[in-house]
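# Descriptive structure summary
Listed here are the chains, written in short residue letters.
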Amino acid sequence: MSQSLWYHLTDRAKFKLDPKFTPADNAISIEDRSGRAGLYLGSSVERWVNGYGYWRPFVVELEVDPSVAKDPGVRGRWGGEMFVPASSFSKLSIVRVVPIDAHAREIYGSPGWIEDALGYEFDTGDPLPPGHYPYRGYRYRGPDVRSMSGVEAARLKKQLRQVKRT
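Scope of this entry: the structure provided in the associated data block. (Residues numbered from 1 in each chain as written. Predicted model: local features only at pLDDT ≥ 70, side-chain atom pairs only at ≥ 80, totals over all residues. Heavy atoms only, no water.)

### Focus: the overall build of the protein chain
Where we set the bar: Runs of H or I in DSSP of at least four residues are treated as helices and runs of E of at least two as strands, each being numbered from the N terminus. Categorising residues by exposure relies on relative accessible area from a 1.4 Å probe, with only protein chains included: less than 20% of the type maximum marks a residue as buried, more than 50% marks it as exposed, and the intermediate range marks it as partly exposed. The contact rule is simple, with two residues in contact once any of their heavy atoms fall within 4.5 Å. Only the protein chains shown count as cover for residues, and all accessible areas are computed by the Shrake-Rupley method using a 1.4 Å probe.
Check the secondary structure of the protein chain and you find 4 helices and 6 strands. Start at the N end of the protein chain and walk to the C end: the helices and strands fall as β-β-α-β-β-β-β-α-α-α. Here the protein chain, with 166 residues, has 44% of them falling under the buried criterion. Taking as baseline every contact in the protein chain between residues at least 6 positions apart, the subset at least 24 positions apart corresponds to 69%. Summed over its atoms, the accessible surface of the protein chain is roughly 8,900 Å², and 53% of this surface lies on carbon and sulfur atoms.

Next comes the structure, spelled out in structure tokens:
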């Protein structure tokens, strides 16, 4: 069965599929799954950021076996998100973890949300280049966040905090 790409936003630089992790359900849902081990996945990072104001510095890209939707405890939500209980983690595999602005550059060809607000590139610190779509065809070549130094990951978290304060 073919895999599909889903996303999870996190502030954990050393992200892993932790079978003991119990996320808070901070969205409107029919059933509150707070306190249950698992993970929330979405098909659109943009919807989480712009639609719900759910900001995290890192995007986890996961290949998901579509059969997971039929597993016990897997539930869809209003915004297209899906809760996957830890018992179904065997049907998920992490592709990579990237800075949220790297994801935005790849998908939209324009500066990411955080760097656009700060006015400088997240990775170089250089002022944003003039032009409407300076990153067309961009592919992030930097390190997977899980292998970044603690200093580098902390810098990306700090950039997000700066934007959230404004």
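Anyway, onward from the coordinates.
### Section: the sheet that holds strand 2 (residues 38–41)
The cut-off we apply is this: Any two strands between which DSSP finds at least two bridges are classified as paired.
Overall, antiparallel pairing links the 3 strands, which are arranged 2-5-4 in an open sheet. The sheet terminates laterally at strand 2 and strand 4 (75–76), the two strands that pair on one side only. Of the strand pairs in this sheet, strand 4 and strand 5 (residues 82–85) are connected by 2 bridges, and their pairing is antiparallel. Within strand 5, the residue paired with glycine 76 across the bridge is methionine 82.

### Let's talk about the sheet that holds strand 3 (residues 58–64)
The following threshold applies: Here an angle of 0 to 180 degrees is reported between the N-to-C directions of two axes, which are lines fitted to C-alpha atoms, with helices fitted over the stretch in contact.
In space, the 3 strands of this open sheet follow the order 1-3-6, with antiparallel pairing throughout. Lying at the two open borders of the sheet, with one neighbouring strand each, are strand 1 (4–10) and strand 6 (92–99). Sheet twist, expressed as the mean angle between neighbouring strand axes with direction ignored, is 25°. Here 7 bridges tie strand 1 to strand 3, and the two strands are oriented antiparallel to one another. Along strand 3, the bridge assignment pairs leucine 5 with glutamate 63. Its contacts with the sheet place helix 2 (residues 100–108) against strand 1, strand 3 and strand 6, and it is angled at close to 95° to strand 6.

### Structural notes on the pairing of strand 3
Regular strands have side chains that alternate between both faces of the sheet. Among the 7 residues of strand 3, 6 are classified as buried, and the element is accordingly described as predominantly covered. The pairing of strand 3 with strand 6 spans 7 bridges and is classified as antiparallel. Looking at strand 6, one finds that valine 60 is bridged to valine 97.

### Some thoughts on the pattern of salt bridges
To be explicit about the condition: Throughout this description, the term salt bridge denotes a Lys or Arg side-chain nitrogen within 4 Å of a carboxyl oxygen of Asp or Glu.
Under the defined criterion, the tally for this structure stands at 8 salt bridges. Notably, a salt bridge pairs arginine 105 with aspartate 123, separated by 3.1 Å at the nearest N-O pair. Residue arginine 105 is located in helix 2, and its partner aspartate 123 is located in the loop between helix 3 (113–118) and helix 4 (150–165); the two are separated by 18 residues in the primary sequence. In this structure arginine 105 comes out as buried when scored by relative accessible area, which is 2%. Its relative accessible area of 37% is what places aspartate 123 among the partly exposed residues. Overlapping salt bridges bring together Glu61, Arg96, Glu106 and Arg139 as one network.

### Brief notes about the packing of aromatic side chains
Where we set the bar: Only the six-membered ring of Trp is used, alongside the rings of Phe and Tyr, when aromatic pairs are assigned; centres must lie within 6.5 Å, and planes under 30 degrees apart are stacked while those over 60 apart are edge-to-face, with the rest tilted. Charge over a ring is defined by NZ of Lys or CZ of Arg lying within 6 Å of the ring centre and within 35 degrees of the ring normal.
Tallied over the entire structure, the rule returns 5 aromatic pairs. When the ring of tyrosine 108 is compared with that of tryptophan 113, the centres are 6.2 Å apart and the planes differ by 75°; the resulting orientation is edge-to-face. Under the relative-accessibility criterion, tyrosine 108 is labelled partly exposed at 36%. Stacked on the ring of phenylalanine 21, the Lys or Arg arginine 12 has its end atom at 4.2 Å from the ring centre. The ring of tyrosine 54 has arginine 56 sitting right over it, with the charged end atom 4.2 Å from the ring centre.

Everything listed here is a matter of geometry and, on its own, says nothing about what the molecule does.
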